[in-house]
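# Notes for the structure review
So the chains spell out like this:
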Amino acid sequence: MLKCIAGVVLAGAVLAALPATAASGPWQPRSDRDIVQVLPQRWLSSTTRRELAAAQAAWRAEPHAVERVQALAVLYLQQAQDSADPRWLGQALALLQPWHGQARVPASIRVLRARLAQHDHQFAQALQELQAVLKAEPRHEEALLLQASIHLVQGRPDAARSSCAALQTAQSLVLGLACMAQHDGLSGKGEAALQRLQQLRQLPQAGWTSDQQAWLALITADLAQRLRQSALAGQEWRRLQALAWQSAAVRAGLADWLLEQGEYRAVLRLAAAAPQDQALLLRVAQAQQALRLPQAAGSIRQLQDRFAAARLRGDSGHAREEARFALHVLHQPTLALLRAQENWQQQREPQDARLLVQAAFEAGQPAAADPVRQWQQATGLQDAALTSLLQRVEARS
Amino acid sequence: MRPLLLMLFLLSSLAAHAHKASDSYFTFYPQRQHIQLDIAVRDLELAVGLDSNGDDAVSWGELRQAQSRISSYALARLELLADGQSCHLQLRQLQVQTHGDGNYAALLLDSGCPAGATRWQLHYRLLFDTDPLHRGIASLVTADATQTHVLSQQQPVVQLDASGPAGAAVNFVSEGVWHILIGYDHLLFLLCLLLPLTLLRASDGRLLPAAGVWRAVVLVVTAFTVAHSLTLLPAALGWLVLPSRLVESLIALSVVVAALANVWRPQPPAPQRRDVAPRWPAHRGSLRLVVPAFAFGLIHGFGFAGVLGELPLHSGSLLLNVFLFNAGVELGQLGLVLLVLPLLLAVRGYVLYRPLLVRGGSAAMAVCGLWWLTERSLDVQLWPQV
């Protein structure tokens, strides 16, 4: 109830501010040839376009056929992954409507629902769907992987471990090993995990697709960075930069690393090369601010509008970005701490931990970092940056 | 299969959430009878198709050409009611509105609402079939304030009230009052509870004085009220769900049982010992009615929850709205008791009161109850409705 009241109050405040931020009012273009809106299809390659068109036609012919729904939903999810644009997810969700409220739902539909719920940060709902799948099919690869990744995101490496172990007994040995390595890297066995990941890298790469290579590079880079092996980390990030295939997640991680290295122009180039990617705006704003470019003000305003709109419609899941925005762009550490704490309730990846501790430090509230300290001790997470942040906070308190 | 798995795994670390989901903006200026409905051009492309030359961009010319299709799409999925009457929405002009995430088609509408209305209800159905995550942001702009509500597939109806939150509160209370006034089955049951209480006798065998009857009535009606409040809240919040046919049939059954009990034994048994000046908790005889009042009250609560589905409960706090509705129901009940009981007390002395009003009236109510019971349990209509 408090949330509702707060929401209404905030909505009122936002609306009061809206006239200042949004354009003044409706307007009319001068000529019929003026472009009002470029559609996202513009950035699709011709192959993707053809694939989408074919899958959509197939689906329209039989909207209740599970394989056709899955085929089209996967394409939409790929687009969502590439652009971080939630409209693709909405479209995927629309495909699943025939199974809404039904008792008997095919496993593949459940996994899709879990995927969509997970993206919307409805982790409990996602886990519920996955448990239903795994009850019927205990070796379902996708469900196990997704379950492991949700547990990891929420900072429960032990729970993830059993899912990874189940994967290893299934046919996906390599996946299981990599899953395990990622888990180990987050629960105190970092050096061994790093070694194993590098061994996996030695395997003939011919059979690996580019997204598999990207994934391996991503988790290796993250782990190496946390273990202070910056040379290895740098190597993996450069490898990622060179890869043709990227997703919004990869670009975001890459942009964060570039920001840390102070390579601001590289961040802007990365964003320019991927105009469909909506998630990079935060990193772009940071880079523009660091370079003191005039465009920074526009980016900041755009981000503020986006966050306000998300709060208005009741979307959760933006707390991490809002906390970073408040901390690094707006330089408002108290607000950042509030958002970081909100974020901590939902997800606990290493970067969420670092964000909370840094916000606590800059807001002058060292006690707020205590939950992170306890969590790190419980899970055994190795993260050099986090440890030094915690030491600074302790020194201050 | 492999790429799918990997892609899914990677998606777990998707940090990116600084994006904008699908929203439309419905802004209503009641004083000017004007509405601005902003729909994202991207969303319209999915819904009605705008890009006629296939260049992956929508020009002003293409938007204008699609004007009538956009208008019929949007207006078919919107309904605005002013004080219960339908407003006739009409497109006056199409323009463009820029929001943070791109350009929107701005439909400038005349609201066509009857003049002088202060309460509106908006039914919104845009885009949910193509994107269930779509939200409608509805705002009511008056001279003193702007109210905003979010419409979604789960909550497609919202109440807009020019009189502010106090006015909205009054609205829920009055809905509660209204629903008990039109809830004839609830009223008949209540009447069946009242009738025997008017025939309570004191220890000396005479009719209990009015004050004693009032106390007994308060006790029994309170038991009924507490019971239906207990079930109304969880039922409205969705924690307890019973099939409505069962609930309605049981309510009808409650009327039958209570009425037949009055026919068989119209007055509670006389007191066994000397109950001098019966005090709180009221006359012993009333206690016989408390248990059935409570038990059936639980069922009646589910019945009230059933009508709540029509109300825009989710604008604001659900709990508060249900509470206010319940308060309205109590007020309505109270009003009825205050109206009916003095009349009954005035005539209870007459010799024909018991046979005619109590027994005869109860028999009539039993027939009504049986009628409802048959209709509801068998899902038929005994009397064709014109």
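The paragraphs below set out a description of the structure included in this document. What you see is a predicted model; the values in this text were computed from it and never measured.

## Looking at the sheet that holds strand 2 (residues 34-40) of chain B
Strand pairing in a sheet relies on backbone hydrogen bonds, with the paired strands running either antiparallel or parallel. Residue and element names in this part refer to chain B. Read across the open sheet, the six strands follow the order 6-7-2-1-9-10; overall the sheet is mixed. Two strands close off the open sheet at either side, each with one partner strand: strand 6 (90-99) and strand 10 (146-151). Here the strands of the sheet are splayed against their neighbours by 20° on average, with no regard to which way each runs. Relative to strand 10, strand 9 (residues 135-141) is paired through six bridges, and the arrangement is antiparallel. Paired with Gly136 across the two strands is Leu151, which belongs to strand 10.

## Details of the environment of A:Val133
Residues and elements named next belong to chain A. In this fold, Val133 is placed in helix 6 (residues 123-136). Using a relative accessible area of 2% as the deciding quantity, one classes Val133 as buried. Along the chain, Val133 and Ala107 lie 26 residues apart, while their C-alpha atoms are 5.5 Å from each other. For Val133, the residues in contact, after removing those within four places along its chain, are Ala107, Arg110, Val111, His140 and Ala143.

## Digging into the sheet that holds strand 8 (residues 119-124) of chain B
Residue and element names in this part refer to chain B. Taking strand neighbours across the sheet as the criterion, the four strands line up as 5-4-8-11 in an open arrangement whose pairing is antiparallel. Looking along the sheet, the strands with just one partner apiece sit at the ends: strand 5 (85-86) and strand 11 (157-161). Bridge analysis of strand 4 (residues 78-82) against strand 5 gives two bridges, and the strand direction is antiparallel. Residue pairing in the sheet places Ala82 in a bridge with Gln85 of strand 5.

## Some remarks on the pairing of strand 2 of chain B
On a regular strand, one side chain projects to one face of the sheet and the next to the other, so that they alternate. Residue and element names in this part refer to chain B. Counting buried positions along strand 2 yields seven of seven residues, so the element is predominantly enclosed. The alternating pattern of strand 2 places His34, Gln36, Asp38 and Ala40 on one face and Ile35, Leu37 and Ile39 on the opposite face, and all of these are buried. Between strand 1 (residues 23-29) and strand 2, which pair antiparallel and follow one another directly, the connecting turn spans four residues, one of which, Gln33, has a positive phi of 55°. Here strand 2 runs beside strand 7 (residues 102-110); their pairing, made up of seven bridges, is antiparallel. In the strand pairing of strand 7, Ile39 is matched with Ala105.

About the criteria used
- Residues numbered from 1 in each chain as written.
- Chains lettered and ligands numbered in written order.
- Predicted model: local features only at pLDDT ≥ 70, side-chain atom pairs only at ≥ 80, totals over all residues.
- Heavy atoms only, no water.
- Pairing = 2+ DSSP bridges.
- Helix = DSSP H or I, 4+ residues; strand = E, 2+ residues; numbered from the N terminus.
- Axes fitted to C-alpha atoms, helices over the stretch in contact; angles between N-to-C directions.
- Buried < 20%, exposed > 50% of the residue type's maximum accessible area, 1.4 Å probe, protein only.
- Contact = heavy atoms within 4.5 Å.

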